[in-house]
Number of protein chains: 2
Amino acid sequence: RRSHMAVSYTDPQVSMDLLRAVLQPSFNDDIMAVFRKYHKFFDKAAQNVKENVSEEVQTDQLIREACRNALEHAKQLFPEAEVKRAGPEAAIKRARAADEDYS
Amino acid sequence: RRSHMAVSYTDPQVSMDLLRAVLQPSFNDDIMAVFRKYHKFFDKAAQNVKENVSEEVQTDQLIREACRNALEHAKQLFPEAEVKRAGPEAAIKRARAADEDYS
C-alpha cells in the first residue's frame, strides 16, 4: 500500500511527522515515566471496581483504557485552531485560510 | 443533553474515567513538561519548513499538530487488546467476551 502513496518531503505535515516519528521512542519513554506516577491511583481504582462489580473485570484493560483517555484529553493542550476562544473575526480568517487550501 | 444521560457509578468505564478526569490537570502539567523538552526540535523543524516552503506556513499550527500526533501514537503503549500479538486462541476469547456484552 505504501508504494502507492506519494510522499512529498516538502509537505509541511510530512516533514513534521518524520521528526515526530524520530522523537516518538524517546517521547514514549517520558510518557511512561509520567504514567508510572499515576499507575497506583489507576490500579487502586481498578481494584475497587473489581470488588464492587460482581462480574469479572479485567483491571489491566481498564487501566490501559484510562491511560489512552488521558492521552486523548491531553491533546486539548494543543488545540487545532483558536476558533473556539475567538470571535467572528477569527472565523473569517479561518474561512479565508480554508479557501487558500483549494487555490 | 447531560440530564438525559444515565450515569452509572457502577459502570467500570465511568468509574475509571471519573478518576482520569480528576487526575487530568496534574497529568497535563507533566505532559507539558515533557513537551518542553522537545519543543526546540519541533520549533526548529517548523522554521525550516517555513523557509523551504514558499507559501505562508503557520509554524504554531504545525507544532501543535505534531504534539497531538505524538500523543496519539503514544496510545500504542497501552494497546486495546493483545489480539495483534496473540494467536487464534486470544481471538476466540475476545469473541466470547463480545458475546457476553450482549447477554
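Conventions adopted
Residues numbered from 1 in each chain as written. Chains lettered and ligands numbered in written order. Predicted model: local features only at pLDDT ≥ 70, side-chain atom pairs only at ≥ 80, totals over all residues. Heavy atoms only, no water. Salt bridge = Lys/Arg side-chain N within 4 Å of Asp/Glu carboxyl O. Helix = DSSP H or I, 4+ residues; strand = E, 2+ residues; numbered from the N terminus. Buried < 20%, exposed > 50% of the residue type's maximum accessible area, 1.4 Å probe, protein only. Least-squares fit on C-alpha atoms with pLDDT ≥ 70 in both. Contact = heavy atoms within 4.5 Å. Axes fitted to C-alpha atoms, helices over the stretch in contact; angles between N-to-C directions. Parallel < 35°, antiparallel > 145°, perpendicular 65-115°, else oblique. Left-handed = near helix turned anticlockwise from the far one by under 90°. Buried area = accessible area lost by both parts, 1.4 Å probe. Nonpolar A, V, L, I, M, F, W, Y, C, P; charged D, E, K, R; others polar. Polar contact = N/O pair within 3.5 Å; in protein donor to acceptor, adjacent residues only side chain to side chain.

A. Quick peek at the pattern of salt bridges. Considering all chains together, one arrives at eight salt bridges over all chains under this definition. Ionic pairing is found between Asp30 of chain A and Lys37 of chain B, a salt bridge with its closest N-O pair at 2.9 Å. Of the two residues, Asp30 of chain A is situated in helix H1 (residues 12-52) and Lys37 of chain B in helix H1 (residues 12-52); the pairing between them involves two chains. The exposure class assigned to Asp30 of chain A is buried, which follows from its relative accessible area of 17%. Between Asp17 of chain B and Arg20 of chain B there is a salt bridge; the shortest N-O distance is 3.1 Å. Of this pair, Asp17 of chain B and Arg20 of chain B both sit in helix H1, three residues apart, roughly one helical turn. Through salt bridges with shared partners, one network takes in Glu72 and Lys75 of chain A together with Glu72 and Lys75 of chain B.

B. The relation of the copies chain A and chain B, seen in detail. For the pair chain A and chain B, the best superposition has an RMSD of 0.0 Å and corresponds to a rotation of 180° with a translation of 0.0 Å parallel to the axis. Classification of the inter-copy transformation places it as that of a two-fold axis. Of the C-alpha atoms belonging to chain A, the one lying closest to the rotation axis is found on Leu71 of chain A, 2.9 Å away. Interface residue correspondence from chain A to chain B reaches 100%, placing this contact among same-surface, isologous pairings.

C. Just the packing of helix H2 (residues 59-74) of chain A against H1 of chain B, in detail. Between H2 of chain A and H1 of chain B, the shortest axis-to-axis distance is 9 Å and the interhelical angle comes to 45°. Accordingly, the angle class assigned to the pair H2 of chain A and H1 of chain B is oblique. The chirality of how H2 of chain A crosses H1 of chain B is right-handed. Along its contact with H2 of chain A, which presents Leu62, Ile63, Glu65, Ala66, Asn69, Ala70, Leu71, His73 and Ala74 of chain A, the element H1 of chain B presents Pro12, Gln13, Met16, Asp17, Arg20, Gln24, Phe27, Asn28 and Ile31 of chain B.

D. Looking closely at the interface of chain A and chain B. If you look at the interface, chain A gives 48 residues, while chain B gives 48 residues. For the pairing of chain A and chain B, the buried interface totals around 4,700 Å² over both sides, and the portion due to carbon and sulfur atoms is 71%. Summed over the shared surface of chain A and chain B, the result is four salt bridges. Breaking the side of chain A that touches chain B down by element, the ones donating at least two residues are H1 and H2 of chain A. Ranked by the residues each element gives to the side of chain A that touches chain B, the list is headed by H1 of chain A, at 24 residues. The residue makeup of the side of chain A that touches chain B, split by class, is 28 nonpolar, nine polar and 11 charged.

E. Looking closely at the side chain of Lys75 of chain B. Tracing the backbone shows Lys75 of chain B in the loop between helix H2 (59-74) and helix H3 (88-101). Judged by relative accessible area, Lys75 of chain B falls into the buried class, the value being 15%. A distance of 2.4 Å separates a polar atom in the side chain of Lys75 of chain B from a polar atom in the side chain of Glu72 of chain A. Sequence-distant contacts of Lys75 of chain B, that is, excluding residues within four places in its chain, are made with Arg68, Leu71, Glu72 and Lys75 of chain A.

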